[in-house]
Amino acid sequence: MREIKSIREMRLFSQKAKSHGKKIGFVATMGALHEGHLSLVAEAKKRSDIVVVSIFVNPIQFGPSEDYHHYPRSLKKDKEQLKHFDPSVLFIPDAKEMFPDGFKTHVEVDALSKKMCGRSRPTHFRGVTTIVTKLFNIVSPDIAFFGAKDFQQQLIIKQMVKDLDLPVEIVAMPIVREFDGLAMSSRNAYLSAKERSSATILNKALSLAKLEIEKGERDLRKILFRMRSLIGSEPIVRIDYLLAVKPDTLEEVESLKGKVLLAVAAHVGKARLIDNLLVSV
Ligand code: AMP
């Protein structure tokens, strides 16, 4: 695993790999790696000749009162974990090189960026789409892997790639969960033992909805009410949103028909956690 820090060196590496006809697979992360991240790396290994993993805690996707400074950073441990997957390159750019003084340009996907997480994090997705565009331009991947835990993020990136004719295939991979159903997240590290145990209610609420739909319940309002009540049984879990939306437009749906995404975001202690489940009716 070669470690690259400079944009120039990363670009040269990719140009050379491409000139040898190699297919580059890319996994962008903010580090504090867990099995969710590693599932993307494993898939990238299967589907490409060269795998590039980036670790960069992207300052412009955090709001002013969010956790940029406290975001978990564990580069040494991350490198240990990555070694088992042996990617070709670990790209760790420097924030000053990525965003030098005078940086002015942003990439923003309309509409989709304003829904769901975009309501409480109004500048988050333009930070994501800007950094992903920059990373795509530097790494030149043929294929890039994103997790369905951040469902809205992968949808926005697919839209951006389509709209801007970026020559990269986007692959979304399933959510990797802890033994008790909690979606893996770097932010789970913020949780105390009590908060960690209460946080499992989010996935329990999604599972409850799935079960009710399987049993034939079709009244979406009833389902959302029961989910809300269940989450309410854990008073330290504060719902930001609990929504049923169309998975392609993120527009709220009133009834259960076809594919519906159930999505939740909640604050638990210092962590803001998200989870979702795609159901087909
Ligand atoms: P992050 O480091 O949180 O920016 O995440 C980097 C990538 O890993 C994103 O594509 C995430 O969607 C993905 N990811 C994070 N957590 C999980 C998970 N539990 N399961 C699958 N993918 C995940």
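The notes below deal with the structure included here. Because the structure is a prediction, the values reported are computed rather than measured. (Residues numbered from 1 in each chain as written. Predicted model: local features only at pLDDT ≥ 70, side-chain atom pairs only at ≥ 80, totals over all residues. Heavy atoms only, no water.)

1. Considerations on the overall build of the protein
Scanning the protein from terminus to terminus reveals 10 helices and nine strands. Here the C-alpha atoms of the protein give a radius of gyration of 19 Å, agreeing with the 19 Å that 2.2 N^0.38 yields for 281 residues. Viewed in the frame of its principal axes, the protein has a C-alpha envelope of about 55 × 40 × 40 Å. Sorting the 281 residues of the protein into buried and exposed places 52% on the buried side. Sequence-distant contacts, at least 24 apart, represent 72% of the contacts inside the protein between residues at least 6 apart. (Helix = DSSP H or I, 4+ residues; strand = E, 2+ residues; numbered from the N terminus. Rg over C-alpha atoms; globule rule 2.2 N^0.38 Å. Buried < 20%, exposed > 50% of the residue type's maximum accessible area, 1.4 Å probe, protein only. Contact = heavy atoms within 4.5 Å.)

2. With respect to the site of the ligand
Near the ligand you find 17 residues, and of these Met30, His37, Asp150, Val176 and Met184 are the closest. One of the side-chain N or O atoms of His37 is found 2.8 Å from an oxygen atom in the ligand. With respect to the ligand, the side chain of Asp150 contributes an N or O atom lying 2.6 Å from an oxygen atom. When isolated, the ligand has an accessible area of 490 Å², and the protein chains bury 93% of it. Here the shell around the ligand gets three residues from one element, more than from any other, and that element is helix 2 (residues 35-47). When grouped by side-chain class, the residues that make up the shell around the ligand number nine nonpolar, six polar and two charged. (Near = heavy atom within 4 Å. Polar contact = N/O pair within 3.5 Å; in protein donor to acceptor, adjacent residues only side chain to side chain. Areas by Shrake-Rupley, 256 points an atom, 1.4 Å probe, with all protein chains shown as cover. Nonpolar A, V, L, I, M, F, W, Y, C, P; charged D, E, K, R; others polar.)

3. Focus: the layout of surface pockets
Where empty space is left in the structure can be found by rolling a water-sized probe over the atoms. Its boundaries defined by the atoms lining it, the second largest pocket holds a volume of some 210 Å³. Of the residues assigned to the lining of the second largest pocket, the class counts are 10 nonpolar, two polar and two charged. (1 Å grid on protein atoms, 1.4 Å probe; cavity = no way out; pocket = protein on both sides within 12 Å on 5 of 7 lines; lining within 4 Å. Points joined across faces, edges and corners; volume = space filled by probe spheres on them.)

4. Some words on the pattern of salt bridges
Applying the stated rule across the entire model yields 19 salt bridges. Across the pair Arg187 and Asp67 runs a salt bridge whose closest N-O atoms are separated by 2.8 Å. You can see Arg187 sitting in the loop between strand 6 (169-173) and helix 8 (193-199) and its partner Asp67 sitting in the loop between strand 3 (50-55) and helix 3 (75-83), a full 120 residues away along the chain. We classify Arg187 as buried; its relative accessible area is 15%. (Salt bridge = Lys/Arg side-chain N within 4 Å of Asp/Glu carboxyl O.)

5. Observations regarding the sheet that holds strand 9 (residues 271-280)
In space, the three strands of this open sheet follow the order 7-8-9, with antiparallel pairing throughout. Strands with a single pairing partner mark the edges of an open sheet, and in this sheet they are strand 7 (237-245) and strand 9. On average, each strand axis in the sheet is inclined to that of its neighbour by 15°, with strand direction left out of account. In the sheet, strand 8 (residues 259-268) pairs with strand 9 via 10 bridges, with the strands oriented antiparallel. In the sheet register, Ala263 faces strand 9, and the bridge partner there is Asn276. (Pairing = 2+ DSSP bridges. Axes fitted to C-alpha atoms, helices over the stretch in contact; angles between N-to-C directions.)

6. Some remarks on the packing of aromatic side chains
Tallied over the entire structure, the rule returns six aromatic pairs. On the basis of an interplanar angle of 35° and a centroid distance of 6.3 Å, the ring pair of Phe56 and Phe99 is categorised as tilted. Of the two residues, Phe56 is situated in the loop between strand 3 and helix 3 and Phe99 in the loop between helix 4 (95-98) and helix 5 (117-120); the sequence distance between them amounts to 43 residues. Of the two residues, Phe56 and Phe99, both sit in the buried class. (Phe/Tyr/Trp six-rings, centres within 6.5 Å; stacked < 30°, edge-to-face > 60°.)

7. Considerations on the pairing of strand 9
Taken residue by residue, a regular strand's side chains alternate between the two faces of the sheet. Across the 10 residues that make up strand 9, a large majority, eight, are buried. Hairpin connection of strand 8 to strand 9: two residues between the antiparallel strands, including Gly269 at a positive phi of 55°.

8. Section: unusual backbone geometry
A positive phi angle is found at Ala32, which is not glycine, with a value near 50°. Judged by its relative accessible area of 12%, Ala32 is buried. Even without being glycine, Ala111 reaches a positive phi, approximately 60°. For Ala111, the location among the structural elements is in the loop between helix 4 and helix 5.

9. What to know about the packing of helix 6 (residues 124-139) against helix 7 (residues 151-163)
Contact geometry for helix 6 and helix 7: axes closest at 10 Å, N-to-C directions at 55°. By the criterion of interaxial angle, the relationship of helix 6 to helix 7 is oblique. You can see that helix 6 and helix 7 cross each other, and the crossing is right-handed. Residues Phe125, Val128, Thr129, Val132, Thr133 and Phe136 of helix 6 pack against Gln152, Gln153, Ile156, Ile157, Met160 and Val161 of helix 7. (Parallel < 35°, antiparallel > 145°, perpendicular 65-115°, else oblique. Left-handed = near helix turned anticlockwise from the far one by under 90°.)

10. Focus: the pairing of strand 8
Summarising burial for strand 8: eight of the 10 residues are buried, a large majority. Relative to strand 8, strand 7 runs antiparallel, the two sharing eight bridges. Counted as the bridge partner of Leu242 is Val264 from strand 8.

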